[in-house]
Amino acid sequence: MNIIVTGGAGFIGSNFVFHMLKAHPDYRIICVDKLTYAGNLSTLKSVMDNPNFRFCKIDICDREAIYKLFEEEHPDMVVNFAAESHVDRSIENPQLFLETNIMGTSVLMDACRKYGIKRYHQVSTDEVYGDLPLDRPDLFFTEETPIHTSSPYSSSKASADLLVLAYHRTYGLPVTISRCSNNYGPYHFPEKLIPLMIINALNDKPLPVYGEGLNVRDWLYVEDHCRAIDLIIHKGRVGEVYNVGGHNEMRNIDIVKIICEQLGKPESLITHVADRKGHDRRYAIDPTKIHDELGWEPETMFADGIKKTIQWYLDNKDWWEDIVSGEYQNYYKKMYENR
Ligand code: NAD
Ligand code: TYD
């Protein structure tokens, strides 16, 4: 089996590459990544010499390069992680999100149509469902919840999902879509909540909580997400959407307090800053479908997952120090100074 994994130098994509090479030692994994600010070749160094792995620096919007790769590799499947993924950046510059997340998806699917494919899998997000009110803990996102987006990021992901379903209906492309809740774990880019707070706390820097910190996210350890996608591409029904989440809802402020506690840092580092524009209140996935149809359930509980994640950031300072000492500093200043 030849599988193209796009966005494999990013957070979830790299974890998926590691998972697949381990779980299916006879598969060939071809990683396609543009290496944007969020992609990091050093993340993949442990698999670079694996004979079943190939890395290709390609922009998924580059039709010619993508077609050429299909002619070379004859992939059986494509799993598309490549995306601009940060909500705050999408608020600053929506255009780039439309290009990669929507146009890039269409280029990949056109290649699948032209050359043939057994499965095209789109890695989507629960953010396409918009948000839930904080005072209705009885409500969850199911696959039938209407698409109702808030940010340019989630709108671009929802647009891509609609296009994927349209390619299935119109051209019969064998597609599946997964919509997962917030992930955490190793190689999470420092701009996102959990790594940002771990790294700032380690450096005794302020911990910038947006607003009151009462917004709720449903956290899943990244390896559980990778296992879910592995199941969907092998056993999921074509044309279907699968929600992925482990019923682990937490308020942002509580996550930050746990990080302080685990690192032995004072909560006085917590600084409330101006809220995100259009900030989604609560995400919560109902994973009944993937559980009942494919037998998936999360294996790592948050109490263990956050410990493992913090330990990973302690053990891999070189990885993140390299990132935060570069261009990231300008980003950080722009987003957080005078906020
Ligand atoms: P990330 O930002 O860490 O990684 C994205 C990767 O895509 C990077 O390696 C980047 O270089 C690459 N990329 C960006 N534009 C590209 C392009 N035009 N061509 C080729 N490669 C390109 O993101 P992530 O957190 O790993 O998310 C991966 C996917 O999972 C995204 O599609 C995201 O929407 C989805 N998702 C993420 C979460 C989460 O909590 N992080 C939850 C649900 C779904
Ligand atoms: P984030 O990791 O950006 O993921 P998403 O917006 O896709 O859920 O943010 C998670 C939550 O943490 C979100 O409610 C915004 C909040 N947040 C902060 O309070 N401070 C921060 O510095 C960041 C990056 C996020």
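The name recorded for the protein chain in an unreviewed UniProt entry is dTDP-glucose 4,6-dehydratase, from Ligilactobacillus ruminis. We quote the UniProt Catalytic activity (unreviewed entry) comment for the protein chain here in full: "dTDP-alpha-D-glucose = dTDP-4-dehydro-6-deoxy-alpha-D-glucose + H2O". Under the Cofactor (unreviewed entry) heading, UniProt states for the protein chain: "NAD(+)".

Novice: Give me empty space enclosed by the protein: which residues, what numbers.
Specialist: Enumeration according to the criterion identifies two cavities of 30 Å³ or more in this entry. Approximately 40 Å³ is the volume found for the second largest cavity. Taken together, the residues of the lining of the second largest cavity break down into seven nonpolar, three polar and no charged.

Novice: Tell me about the packing of helix 2 (residues 63–73) against helix 4 (residues 94–115), and name the residues and values.
Specialist: Two quantities define a packed helix pair, namely the angle between the axes and the distance from one axis to the other. Contact geometry of helix 2 with helix 4 gives a least axis separation of 10 Å together with a crossing angle of 35°. Taken as a pair, helix 2 and helix 4 cross one another with a handedness that is right-handed. Mapping the contact onto sequence places Arg63, Ile66, Tyr67, Phe70 and Glu71 in helix 2 and Ser106, Val107, Leu108, Asp110, Ala111, Cys112, Lys114 and Tyr115 in helix 4.

Novice: Explain the environment of Cys56 to me, and be specific about the residues and the numbers.
Specialist: The topology assignment puts Cys56 in strand 3 (residues 53–57). Accessibility expressed as a relative area gives 6% for Cys56, which makes it buried. With 58 residues separating them in the primary sequence, Cys56 and Lys114 have C-alpha atoms 20 Å apart. Sequence-distant contacts of Cys56, defined by excluding residues within four places in its chain, comprise Ile30, Cys31, Val32, Asp33 and Leu69.

Novice: An account of the site of ligand 2 is needed here, citing residue identities and associated values.
Specialist: As a structural note, the neighbourhood of ligand 2 is formed by 19 residues, with Glu127, Arg217, Arg276, His279 and Tyr336 the closest of them. A distance of 2.9 Å separates an oxygen atom of ligand 2 from a polar side-chain atom of Asn182. One nitrogen or oxygen atom from the main chain of Pro208 is found 2.8 Å from a nitrogen atom belonging to ligand 2. For ligand 2, whose free accessible area comes to 520 Å², the fraction covered by protein is 97%. Elements that contribute at least two residues to the shell around ligand 2 include exactly helix 6 (193–202) and strand 8 (207–210).

Novice: Mind laying out the site of ligand 1, listing which residues take part and the relevant values?
Specialist: Neighbouring ligand 1 are 28 residues; Ile12, Asp33, Ser85, Tyr153 and Lys157 lie closest to it. In the model, an oxygen atom of ligand 1 is placed 2.6 Å from a nitrogen or oxygen of the Ser85 side chain. Counting only elements with at least two residues in the shell around ligand 1, the list comes to helix 1 (11–23), strand 5 (119–125) and helix 5 (152–171). Here the shell around ligand 1 is built from residues that sort into 13 nonpolar, 11 polar and four charged.

Novice: Please give an account of the pattern of salt bridges that cites residues and values.
Specialist: Side-chain pairs of opposite charge can arise whenever the charged atoms involved come near each other. According to the stated counting rule, one finds 23 salt bridges in the structure shown. Across the salt bridge formed by Glu73 and Arg54, the nearest N and O atoms sit 2.7 Å from each other. Pair noted here: Glu73 is in helix 2 and Arg54 is in strand 3, with a separation of 19 residues, a long-range link. Look at Arg54 and you get partly exposed, because its relative accessible area is 28%. Close ionic contact of Lys289 with Glu240 constitutes a salt bridge, the shortest N to O distance being 2.5 Å. One end of the pair, Lys289, is in helix 9 (residues 288–294); the other, Glu240, is in the loop between helix 7 (222–235) and strand 11 (241–244), and 49 residues separate them in sequence. Note on Lys289: relative accessible area 17%, which makes it buried.

Novice: Tell me what's going on with the nonpolar core, and back it up with residues and numbers.
Specialist: Judged by nonpolar contacts, the single largest core of 39 residues is most densely connected at Ile194, Ile198, Leu207, Ile259, Phe302 and Tyr328. Elements with a minimum of two residues in this core: helix 6, strand 8, helix 8 (252–263), strand 13 (270–273), helix 10 (302–315), helix 11 (317–324) and helix 12 (328–336). Each residue touching Ile194, except ones within four places of it in the same chain, is listed here: Tyr184, Trp219, Ile255, Ile259, Phe302, Ile306 and Thr309.

Novice: Could you give me a rundown of the packing of aromatic side chains, with the residues and numbers involved?
Specialist: Per the counting criterion, the structure on display carries 22 aromatic pairs. With a centroid separation of 5.2 Å and an interplanar angle of 50°, the aromatic rings of Phe16 and Phe81 are classed as tilted. Within this pair, whereas Phe16 is found in helix 1, its partner Phe81 is found in the loop between strand 4 (77–80) and helix 3 (87–92), the two being separated by 65 residues in sequence. For Phe16, a relative accessible area of 0% puts it in the buried group. Relative accessible area serves as the criterion here: at 11%, Phe81 is assigned to the buried category. On the basis of an interplanar angle of 45° and a centroid distance of 6.1 Å, the ring pair of Tyr328 and Tyr332 is categorised as tilted. In this pair, Tyr328 and Tyr332 both sit in helix 12, four residues apart, roughly one turn of the helix. Using a relative accessible area of 15% as the deciding quantity, one classes Tyr332 as buried. Within the aromatic cluster, the residues linked to one another by ring pairs are Tyr37, Phe189, Tyr210, Tyr328, Tyr331, Tyr332 and Tyr336. Over the ring of Tyr332 we find Lys205; its NZ or CZ atom is 4.8 Å from the centre of that ring. Positioned above the aromatic ring of Phe140, the side-chain terminus of Arg282 is 5.5 Å from the ring centre.

The rules behind the values
Residues numbered from 1 in each chain as written. Chains lettered and ligands numbered in written order. Predicted model: local features only at pLDDT ≥ 70, side-chain atom pairs only at ≥ 80, totals over all residues. Heavy atoms only, no water. UniProt positions renumbered as here; feature names shortened; annotations may be inferred. 1 Å grid on protein atoms, 1.4 Å probe; cavity = no way out; pocket = protein on both sides within 12 Å on 5 of 7 lines; lining within 4 Å. Points joined across faces, edges and corners; volume = space filled by probe spheres on them. Nonpolar A, V, L, I, M, F, W, Y, C, P; charged D, E, K, R; others polar. Axes fitted to C-alpha atoms, helices over the stretch in contact; angles between N-to-C directions. Helix = DSSP H or I, 4+ residues; strand = E, 2+ residues; numbered from the N terminus. Left-handed = near helix turned anticlockwise from the far one by under 90°. Contact = heavy atoms within 4.5 Å. Buried < 20%, exposed > 50% of the residue type's maximum accessible area, 1.4 Å probe, protein only. Near = heavy atom within 4 Å. Polar contact = N/O pair within 3.5 Å; in protein donor to acceptor, adjacent residues only side chain to side chain. Areas by Shrake-Rupley, 256 points an atom, 1.4 Å probe, with all protein chains shown as cover. Salt bridge = Lys/Arg side-chain N within 4 Å of Asp/Glu carboxyl O. Core = buried A, V, L, I, M, F, W, Y, C linked by side-chain atoms within 4.5 Å. Phe/Tyr/Trp six-rings, centres within 6.5 Å; stacked < 30°, edge-to-face > 60°. Lys NZ or Arg CZ within 6 Å of the ring centre and 35° of its normal.

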